Protein chains: 4
Amino acid sequence: MTDHPIPVRPGRKRSEESRLAILAAAIELVGEVGYAGLTIEGIAARSGAGKQTIYRWWPSKADVLLDALATKADLHVPIPDEGSYTADLRAFLTASFRLGRDQRVADALRALMAHAQIDEEFRGRFRSSFLQRRRDALGIILDRARTRGELPPVPSPGTAADLVFGVIWYRMLATSQPVDENLIDELVTTLTEPRPAVGTSTPAARKGT
Amino acid sequence: MTDHPIPVRPGRKRSEESRLAILAAAIELVGEVGYAGLTIEGIAARSGAGKQTIYRWWPSKADVLLDALATKADLHVPIPDEGSYTADLRAFLTASFRLGRDQRVADALRALMAHAQIDEEFRGRFRSSFLQRRRDALGIILDRARTRGELPPVPSPGTAADLVFGVIWYRMLATSQPVDENLIDELVTTLTEPRPAVGTSTPAARKGT
Amino acid sequence: MTDHPIPVRPGRKRSEESRLAILAAAIELVGEVGYAGLTIEGIAARSGAGKQTIYRWWPSKADVLLDALATKADLHVPIPDEGSYTADLRAFLTASFRLGRDQRVADALRALMAHAQIDEEFRGRFRSSFLQRRRDALGIILDRARTRGELPPVPSPGTAADLVFGVIWYRMLATSQPVDENLIDELVTTLTEPRPAVGTSTPAARKGT
Amino acid sequence: MTDHPIPVRPGRKRSEESRLAILAAAIELVGEVGYAGLTIEGIAARSGAGKQTIYRWWPSKADVLLDALATKADLHVPIPDEGSYTADLRAFLTASFRLGRDQRVADALRALMAHAQIDEEFRGRFRSSFLQRRRDALGIILDRARTRGELPPVPSPGTAADLVFGVIWYRMLATSQPVDENLIDELVTTLTEPRPAVGTSTPAARKGT
DNA sequence: GGATAATCGAGACGGTACGTCAGGTCTTAGA
DNA sequence: TCTAAGACCTGACGTACCGTCTCGATTATCC
């Protein structure tokens, strides 16, 4: 997001000190005043940086926060390899849920998801630098399971990922329930249990059972 | 949201004409300039109302939009009673997906969900007047299925609802995939298939089948 | 400058309190920090008004100051009628010089003249609402003298006015000399001395002497 | 203003190329965007110089412009010696007026005079390096006339100079009238015509004539 | 019917933050 | 050690909306 492709340039170098102060101020402030109360002006004041320095490197307060989150909290989830789909999935969910249990991080993520709905350009950046990255991680687990033949025919891998991330985000955004151990069990069971392919037995056929 | 509990009062009556003009202006404007560009000032100007008239009846632009949506689009989903869990679920999903397919409505809902993340007070109103209402509708279907013994042991009814709404919202908020017929099939299959109790049969044991 | 030709308008009335507070703040601040240090932001802060309120009624800080000066200091010089050109001119100069002797007013006028050189639109307003007004006053005196036959043929009335205002402004802008009683005498003498009728001795004819 | 007192110094020599590029850019820009739109940043960009290079050698944009003007336009007026006060004065005025007739130069001079009102330090530099220099030129002419006995008793030489420069500057700053041949005639007549010393005939005594 | 009361459109008010611009300083790499 | 480049902090700009507060005009209810 803030890379300099050609590192050999004249002129003063970007101040790493300023960069870190800005990110730290953003994290602090969002905790104190909430995302709505977070302003570029406030971040500049708290960090001791000039507003222009922020505008030079980040296009919006959401980008600052996303960068801060990526720098501070470890947003990337390692791809587990436990030997079986069930175990991999369980490990992935455990790691993902741990992230969401930190209220600070959860609040910030909710805010970023919210901002992504409103700011079209940020939506792309948020997707590719956060959402898609985590989707890819789960995708690798699912691919591995498919080659091993551990994957039930329904739901399809894509839908399975949507179900997993869907339920996590829905709980964060729409309810106050935290994601807990129980949910992991239910998700693992729901997504690993073998079931017939769609269409082989129509809903109508199964109605009587 | 905008009810007057004691209708016998002196003074001029609330102008229904203004109310409708405001809601119409809100819908129009959000389509033209997006939610971020939607302002109370703009709604007032477009509708020919005074700003105070809006502030008198709605606490925020999100509330105006929610009201407008409830008035224009039919946000409430009828609770189907087709005789079986499978059929009821399918009917519910079909009705729900139809709503989300209207881009205008979907955009507005995304914006409201976003606003709910940022405005604490609106969050409560949005949950109780929209999210909870639809959750309750699905809850009735699930309850009925449970008493009929049609419900698989996993996931629990609460989690099942989270899965359903989770995947719908996740697709709206995080991906560009529309919700389609295919997803209905997968959801119905995933949530209706009878399965053994958790843990009795491991995925590994069933690998060969 | 800020008149409302149609006094019957809907909406809240302009706040006279704010207007006066703004003008007072402008006068105070220009005395404290000088014209270069005077800012709209500062005037707003000092007066307790919002910036928008200032921008609503005055197009620039120079206009605020001009208005303040016109309201506070009495910028208009009464047109004397002492019975003779000499006496009128002396009275006019005395009144004009008194204005320039107040350092506060003189500084502000210098600044406004300076601003007029840089801001094309303000130049017009400054000329018509200050410079031209005072030129007209002197013009009346000169006209009266001409009808009485008291006016020397050279310089012409227009040039006479330019000489009077020119020397005053030049001393204010380019030198540190104050305008004093002595200058009045010299100006009166230079502009009133009776000389032969026009044409009897042309400038060309006198060239050789 | 931009002198290098010790030409033998270690390090890279001052780039004459840069200096000329900066002055040229200043002249160009002030013509294109006006004095208000003229910025150090803009001059640096146009000239291909760094901002620091400008700040190193000139204290303000006005100084750059003054330097540019002195380098480009010939601001100094030669002191004529035509043998008589009348002829000298006429020659001086003709030369001075020629300068003000070049719109480019006139605009720049107006802007510098304006800047001098606002920037205290520049005021001193502008006076001594421009205003005083021209005043001295006229002073020599007047002195010569006095020793020759050609000078009328009123106005005094100092006031005469103020009248001359006052009317020129007043026309440039306050009116749109150009300085023309006619004004030369009037000024020469007004300042050469012999008249009694101030006080020998009081205004009251002359009232009846 | 006249007082009282709530509404309406309009628009000015004190504010906050925006995103931009330029100022003047400082740091880098290269000549 | 000077140069061009460019990042830095500072501070003001002019704008957009916010939510509140008069205004005068318009309905309504109640006495």
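Being a predicted model, the structure only gives us computed values, none of them experimental.

Asks: Can you break down the interface of chain A and chain B residue by residue, with the values?
Replies: Facing 47 residues of chain A, the contacting portion of chain B comprises 48 residues. On the chain A side of the interface with chain B, the three residues burying the most area are Gln-117, Ile-118 and Tyr-170 of chain A, jointly 15% of the side's total. Applying the counting rule to chain A against chain B returns two salt bridges. Two residues, Arg-171 of chain B and Asp-162 of chain A, come together in a salt bridge whose shortest N-O distance is 2.6 Å. In this assembly, chain A and chain B are joined by 16 residue pairs in polar contact (both at pLDDT 80 or more). Here the side of chain A that touches chain B takes 12 residues from helix H8 (residues 157-174) of chain A, the largest share from any one element. By residue class, the composition of the side of chain A that touches chain B is 22 nonpolar, 12 polar and 13 charged.

Asks: So what's going on with the side chain of Arg-110 of chain C? Residues and values would help.
Replies: Among the secondary structure elements, Arg-110 of chain C is positioned in helix H6 (residues 103-118). Judged by its relative accessible area of 11%, Arg-110 of chain C falls in the buried class. Discounting chain neighbours no more than four positions away, the residues touching Arg-110 of chain C are Trp-169, Met-172 and Leu-173 of chain C together with Gln-117 and Arg-123 of chain D.

Asks: Which residues make up helix H6 (residues 103-118) of chain A, and what are the values?
Replies: In an α-helix, one turn spans 3.6 residues; hence positions three or four apart end up facing the same way. Residues and elements named next belong to chain A. A rise of 1.5 Å per residue sets the reference length of H6, with its 16 residues, at 22 Å; its end C-alpha atoms lie 23 Å apart and thus fit the reference within 8%. Burial of H6 is extensive: 12 of the 16 residues sit out of reach of the surface. Along H6, the positions that sit buried rather than exposed are Val-105, Ala-106, Ala-108, Leu-109, Arg-110, Ala-111, Leu-112, Met-113, Ala-114, His-115, Ala-116 and Gln-117.

Asks: Please set out the pattern of salt bridges residue by residue, giving values where relevant.
Replies: Under the criterion given, the structure shown has 64 salt bridges over all chains. Glu-150 of chain C serves as the salt-bridge partner of Arg-148 of chain C, at 2.9 Å between the closest nitrogen and oxygen. Of the residues examined, Glu-150 of chain C reaches a relative accessible area of 25% and is grouped as partly exposed. Salt bridges linked by common partners bring Asp-81, Asp-88, Arg-144, Arg-148 and Glu-150 of chain A together as one network.

Asks: Provide a residue-level description of helix H4 (residues 61-72) of chain B, including the pertinent values.
Replies: All names here are of chain B. With 12 residues, H4 should reach 16 Å at 1.5 Å per residue; the first-to-last C-alpha distance of 16 Å fits that figure. Summarising burial for H4: nine of the 12 residues are buried, a large majority. Among all positions in H4, only Lys-61, Ala-62, Asp-63, Val-64, Leu-65, Leu-66, Asp-67, Ala-68 and Leu-69 are buried. Against the buried residues of H4 lie helix H1 (16-37), helix H2 (40-47), helix H3 (51-57), helix H6 (103-118) and helix H7 (120-148).

Asks: For the packing of aromatic side chains, give the residues involved together with the corresponding values.
Replies: Counted by the stated rule, this structure contains 16 aromatic pairs over all chains. Pairing Phe-165 of chain A with Tyr-170 of chain B gives two aromatic rings, centres 6.0 Å apart and planes at 25°, and the pair type is stacked. Taken as a pair, Phe-165 of chain A in helix H8 and Tyr-170 of chain B in helix H8 (residues 157-174) lie in two separate chains rather than in one. A relative accessible area of 3% places Tyr-170 of chain B in the buried class. Put simply, the rings of Phe-92 and Phe-165 of chain A together with Tyr-170 of chain B pair up and form one aromatic cluster.

Asks: Give a description of the relation of the copies chain A and chain B that names residues and reports values.
Replies: After a rotation of 179° and a shift along the axis of 0.1 Å, chain A superposes on chain B with an RMSD of 0.2 Å. With respect to symmetry, the two chain copies, as superposed, fit the operation of a two-fold axis. A high fraction, 91%, of the interface residues of chain A reappear at the interface in chain B, so the copies pair face to face through one surface.

Asks: Lay out the relation of the copies chain C and chain D in plain terms, naming residues and giving numbers.
Replies: Of the transformation placing chain C onto chain D, the axial shift is 0.1 Å and the rotation is 179°, giving an RMSD of 0.3 Å. Mapped onto chain D, 91% of the interface residues of chain C again fall at the interface, so both copies present the same surface.

Asks: Any chance you could break down the environment of Thr-71 of chain A for me, citing the residues and the numbers?
Replies: Residue position: Thr-71 of chain A is located in helix H4 (residues 61-71). With near-sequence residues (within four places) excluded, Thr-71 of chain A lies in contact with Arg-19 and Leu-23 of chain A.

Asks: Describe the side chain of Ser-84 of chain D, listing the residues and the values that go with them.
Replies: Residue and element names in this part refer to chain D. On the secondary structure map, Ser-84 appears in the loop between helix H4 (61-72) and helix H5 (85-101). Within the structure, the side chain of Ser-84 is placed 3.1 Å from the backbone nitrogen of Ala-87, a separation counted as a polar contact. When residues no more than four places from it in sequence are discounted, the contact partners of Ser-84 are Arg-148 and Glu-150.

Asks: Requested: an account of the interface of chain C and chain D, with residues and values cited.
Replies: At the junction of the two partners, chain C supplies 45 residues and chain D supplies 43 residues. Summing both partners gives a buried area of about 4200 Å² for chain C against chain D, and 57% of it is carried by carbon and sulfur. It is Gln-117, Ile-118 and Tyr-170 of chain C that lose the most area in chain C upon contact with chain D, and together they represent 16% of the buried surface on that side. Taken together, the links from chain C to chain D amount to two salt bridges. Our enumeration of links across chain C and chain D arrives at 16 residue pairs in polar contact (both at pLDDT 80 or more). At 12 residues, the largest contribution of residues to the side of chain C that touches chain D is made by helix H8 (residues 157-174) of chain C.

Asks: Hey, could you go over the protein's contact with DNA strand E for me, with residue numbers and the actual values?
Replies: Contacts to DNA strand E come from 42 residues, most closely from Gln-52 and Tyr-55 of chain A, Thr-53 of chain B, Ser-18 of chain C together with Gln-52 of chain D. A distance of 3.2 Å separates a base oxygen of DNA strand E from a polar backbone atom of Gly-11 of chain A. Within the side chain of Lys-51 of chain A, an N or O atom sits 2.8 Å from a base oxygen of DNA strand E. Breaking the surface near DNA strand E down by element, the ones donating at least two residues are helix H2 (40-47) and helix H3 (51-57) of chain A, H3 of chain B, helix H3 (51-57) of chain C together with helix H2 (40-47) and helix H3 (51-57) of chain D. Looking at the surface near DNA strand E, its residues break down into 10 nonpolar, 18 polar and 14 charged.

Asks: Can you tell me about the protein's contact with DNA strand F, naming the residues and giving the values?
Replies: Near DNA strand F lie 49 residues; those nearest to it are Thr-53 of chain A, Gln-52 of chain B, Tyr-55 of chain C together with Ser-18 and Thr-53 of chain D. A breakdown of the atoms of DNA strand F within 4 Å of the protein gives sugar and phosphate a share of 67%. A distance of 3.2 Å separates a phosphate oxygen of DNA strand F from a polar atom in the backbone of Gly-50 of chain A. Taking Glu-41 of chain C, its main chain carries an N or O atom lying 3.0 Å from a phosphate oxygen of DNA strand F. For the surface near DNA strand F, the secondary-structure elements that each account for two or more residues are H3 of chain A, H2 and H3 of chain B, helix H2 (40-47) and H3 of chain C together with H3 of chain D. For the surface near DNA strand F, the element with the most residues is H3 of chain A, which contributes four residues.

Asks: Now, about the UniProt feature "DNA-binding region" (unreviewed entry) in chain A: what can you tell me, with residues and values included?
Replies: According to UniProt, the "DNA-binding region" (unreviewed entry) feature falls on residues 39-58 of chain A. When the span residues 39-58 of chain A is considered, its composition is 75% helix and 0% strand, and the gap between its end C-alpha atoms is 13 Å.

Asks: How would you summarise the packing of helix H1 (residues 16-37) of chain A against H2 of chain A if you had to cite specific residues and measurements?
Replies: Residues and elements named next belong to chain A. As a packed pair, H1 and H2 sit with axes 8 Å apart at the nearest point and diverge in direction by 120°. With respect to H2, the axis of H1 lies oblique. Between H1 and H2 lies a crossing of right-handed hand. Touching Ala-21, Ile-22, Ala-25, Ala-26, Glu-28, Leu-29 and Glu-32 of H1 are Gly-42, Ile-43, Arg-46 and Ser-47, all from H2. Among the residues making up the contact of H1 with H2, the classes are represented as six nonpolar, two polar and three charged.

Asks: Describe the environment of Thr-190 of chain C, with residues and values.
Replies: Residue and element names in this part refer to chain C. Counting through the fold element by element, Thr-190 comes out in helix H9 (residues 181-192). Accessibility expressed as a relative area gives 3% for Thr-190, which makes it buried. A sequence separation of 30 residues divides Thr-190 from Ala-160, and the C-alpha atoms of the two residues are 9.6 Å apart.

Here is what the cut-offs are and how they apply
- Residues numbered from 1 in each chain as written.
- Chains lettered and ligands numbered in written order.
- Predicted model: local features only at pLDDT ≥ 70, side-chain atom pairs only at ≥ 80, totals over all residues.
- Heavy atoms only, no water.
- Contact = heavy atoms within 4.5 Å.
- Buried area = accessible area lost by both parts, 1.4 Å probe.
- Salt bridge = Lys/Arg side-chain N within 4 Å of Asp/Glu carboxyl O.
- Polar contact = N/O pair within 3.5 Å; in protein donor to acceptor, adjacent residues only side chain to side chain.
- Helix = DSSP H or I, 4+ residues; strand = E, 2+ residues; numbered from the N terminus.
- Nonpolar A, V, L, I, M, F, W, Y, C, P; charged D, E, K, R; others polar.
- Buried < 20%, exposed > 50% of the residue type's maximum accessible area, 1.4 Å probe, protein only.
- Expected span 1.5 Å × (residues − 1).
- Phe/Tyr/Trp six-rings, centres within 6.5 Å; stacked < 30°, edge-to-face > 60°.
- Least-squares fit on C-alpha atoms with pLDDT ≥ 70 in both.
- Near = heavy atom within 4 Å.
- UniProt positions renumbered as here; feature names shortened; annotations may be inferred.
- Axes fitted to C-alpha atoms, helices over the stretch in contact; angles between N-to-C directions.
- Parallel < 35°, antiparallel > 145°, perpendicular 65-115°, else oblique.
- Left-handed = near helix turned anticlockwise from the far one by under 90°.

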